[in-house]
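Residue strings, one per chain:
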Amino acid sequence: GFEPRHYEIDATVERGSLRLAGRAKLHLEATTSGARTVSLELFRDLEVERVVDGAGRELFAFRAGPEIVVQLPRPSRAGENLVLDVTYGGHVLEQVDDRVWDLQSTTGWYPHAGTIDGATYDVTLRWPPKYRLLTGGSRVGSGEAGGYRWQRRRIDLPAIAASFVLGRFDVVERD
């Protein structure tokens, strides 16, 4: 009943535990009328803390395995736009060798909606400075603040997902 058009993701990989603390705004379009719930998928070790709509109303959500079902305040109308703002966190990174931490789920590290997988992305990531971040998209900002490195990336063409990896890499950039 809903397809994503744009994701705004703001996430921090916390020092020490490498726990992910995130907030994702999902800009969805209703594909049918009359839907009372939106189904989202999220990696099993990540917990939803809160879901609000575009007007700031807290919405009821419950979990069944990787699926999060969010109850809407009213039935959908085909073609209408809806914003869900999801705050979540937990462990999603796994150490794949002594220098690299990778996501256990490429699309599950943020709440994911729909089945067509054609959305744009605006992603801000923060991580401990002893690591480097490898990710896709165009870099629109970066720096260090509050003891973390950060980057903001955009994917302006519809994509199947956004992903990243952390590690102690030797990075060479070329024009």
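Peer 1: What exactly am I supposed to notice about the overall build of the protein here?
Peer 2: Scanning the protein from N- to C-terminus turns up 0 helices and 15 strands. The C-alpha atoms of the protein give a radius of gyration of 17 Å, which matches the 16 Å a tight globule of 175 residues would have. Its C-alpha atoms put the protein at 50 × 35 × 25 Å along the principal axes. Scored against the burial criterion, the 175 residues of the protein give a buried share of 42%. Once local pairs closer than 6 in sequence are excluded, the contacts in the protein between residues at least 24 apart make up 71%. Accessible area for the protein stands at about 9200 Å²; split by element, carbon and sulfur atoms hold 46% of it. Distance from the positive charge centre (23 side chains) to the negative charge centre (25 side chains) of the protein: 4 Å.

Peer 1: What exactly am I supposed to notice about the environment of glutamate 67 here?
Peer 2: Mapped onto the fold, glutamate 67 is located in strand β6 (residues 67–71). Of the residues examined, glutamate 67 reaches a relative accessible area of 31% and is grouped as partly exposed. The spacing of glutamate 67 and proline 111 is 44 residues in sequence and 9.4 Å in space, taken between C-alpha atoms. Non-local contacts of glutamate 67, meaning those with residues more than four positions away in its chain, are made with Ser39, Leu40 and Phe62. Polar contacts involving the side chain of glutamate 67 include one to the side chain of serine 39, which spans 2.8 Å.

Peer 1: Could you clarify how one ought to interpret the packing of aromatic side chains in this entry?
Peer 2: We describe a pair of aromatic rings using the distance from one ring centre to the other and the angle between the two ring planes. Scanning the entire structure with this criterion turns up 6 aromatic pairs. Where tryptophan 109 meets tyrosine 110, the ring centres are 5.1 Å apart and the plane angle is 85 degrees; that geometry is what we call edge-to-face. According to the relative accessible area criterion, tryptophan 109 is buried, its value standing at 0%. On the numbers, 5.9 Å between centres and 80 degrees between planes, the contact of tyrosine 110 with tyrosine 121 is edge-to-face.

Peer 1: Where do I start with the pairing of strand β8 (residues 93–97) in this structure?
Peer 2: In regular strands, side chains alternate between the two faces of the sheet. Bridge analysis of β8 against strand β9 (residues 100–103) gives 4 bridges, and the strand direction is antiparallel. The residue of β9 that forms the bridge with glutamine 95 is tryptophan 101. Counted between consecutive antiparallel strands, the loop separating β8 from β9 contains 2 residues.

Peer 1: Help me understand the pattern of salt bridges, please; the structure alone is not making it clear to me.
Peer 2: Once their charged atoms are close, side chains differing in charge can pair, the charge on each being opposite to the other. Using the criterion set out here, one finds 12 salt bridges in the structure. The partner of aspartate 53 in a salt bridge is arginine 57, with the nearest N and O atoms 2.7 Å apart. On the basis of relative accessible area, aspartate 53 is assigned to the buried category, the value being 6%. Here arginine 77 makes a salt bridge to glutamate 80, at a shortest N to O gap of 3.8 Å.

Peer 1: In this structure, what is going on with the sheet that holds strand β1 (residues 2–13)? I would like to understand it.
Peer 2: Neighbouring strands of a sheet are bound in pairs by backbone hydrogen bonds; such pairs are parallel or else antiparallel. Read across the sheet, 7 strands follow the order β4-β7-β2-β1-β11-β14-β13 without closing on themselves; strand pairing throughout is mixed. Since the sheet does not close on itself, it has two edges, and those belong to β4 (46–53) and β13 (138–145), each with one partner. Neighbour-to-neighbour, the strand axes of the sheet open up by a mean angle of 15 degrees, direction not taken into account. Summarising the sheet, strand β11 (residues 119–127) and strand β14 (residues 148–159) pair through 8 bridges and their orientation is antiparallel. Its bridge partner lying in β14, tryptophan 127 is registered against arginine 149.

Conventions adopted
- Sequence order sets the numbering: in each chain, residues are counted from 1 along the sequence as written.
- Note on the predicted model: pLDDT of at least 70 is required for a residue's local features to be given, and 80 or more for side-chain atom pairs to be given and counted; whole-chain, interface and lining totals, by contrast, use all residues.
- Just so you know, side-chain values use all the structure's heavy atoms and leave hydrogens and water out.
- Note on conventions: DSSP H or I runs of at least 4 residues are helices, E runs of at least 2 residues are strands, and numbering of each starts at the N terminus.
- Here the globule rule is a power law, 2.2 Å times the number of residues to the power 0.38, and the radius of gyration is based on C-alpha atoms.
- Exposed residues in this analysis have more than 50% of their type's maximum accessible area, buried residues have under 20%, and partly exposed residues fall in between, with area computed by a 1.4 Å probe over protein chains only.
- Note on contacts: a residue pair qualifies if any of its non-hydrogen atoms lie within 4.5 Å across the two residues.
- Exposure was quantified through the Shrake-Rupley algorithm and a 1.4 Å probe, taking into account, for residues, occlusion by the shown protein chains and nothing else.
- Under the counting rule used here, the positive set is Lys and Arg, the negative set is Asp and Glu, and His together with the chain ends is not counted.
- One atom stands in for each charge, and that atom is NZ of Lys, CZ of Arg, CG of Asp or CD of Glu.
- The definition of a polar contact used here is a pair of N or O atoms within 3.5 Å, where within protein one atom must be able to donate a hydrogen and the other to accept one, and adjacent residues in sequence count solely through side-chain atom pairs.
- Side-chain rings of Phe, Tyr and Trp, where Trp is taken by its six-membered ring, are said to pair if the distance between their centres is within 6.5 Å; with planes under 30 degrees apart they count as stacked, over 60 as edge-to-face, and otherwise as tilted.
- Two strands make a pair as long as DSSP finds a minimum of two bridges between them.
- The rule for a salt bridge is simple: a side-chain nitrogen of Lys or Arg has to be within 4 Å of a carboxyl oxygen of Asp or Glu.
- Axis angles are defined between N-to-C directions and span 0 to 180 degrees, where every axis is a line fitted to C-alpha atoms and, for a helix, only to the segment in contact.

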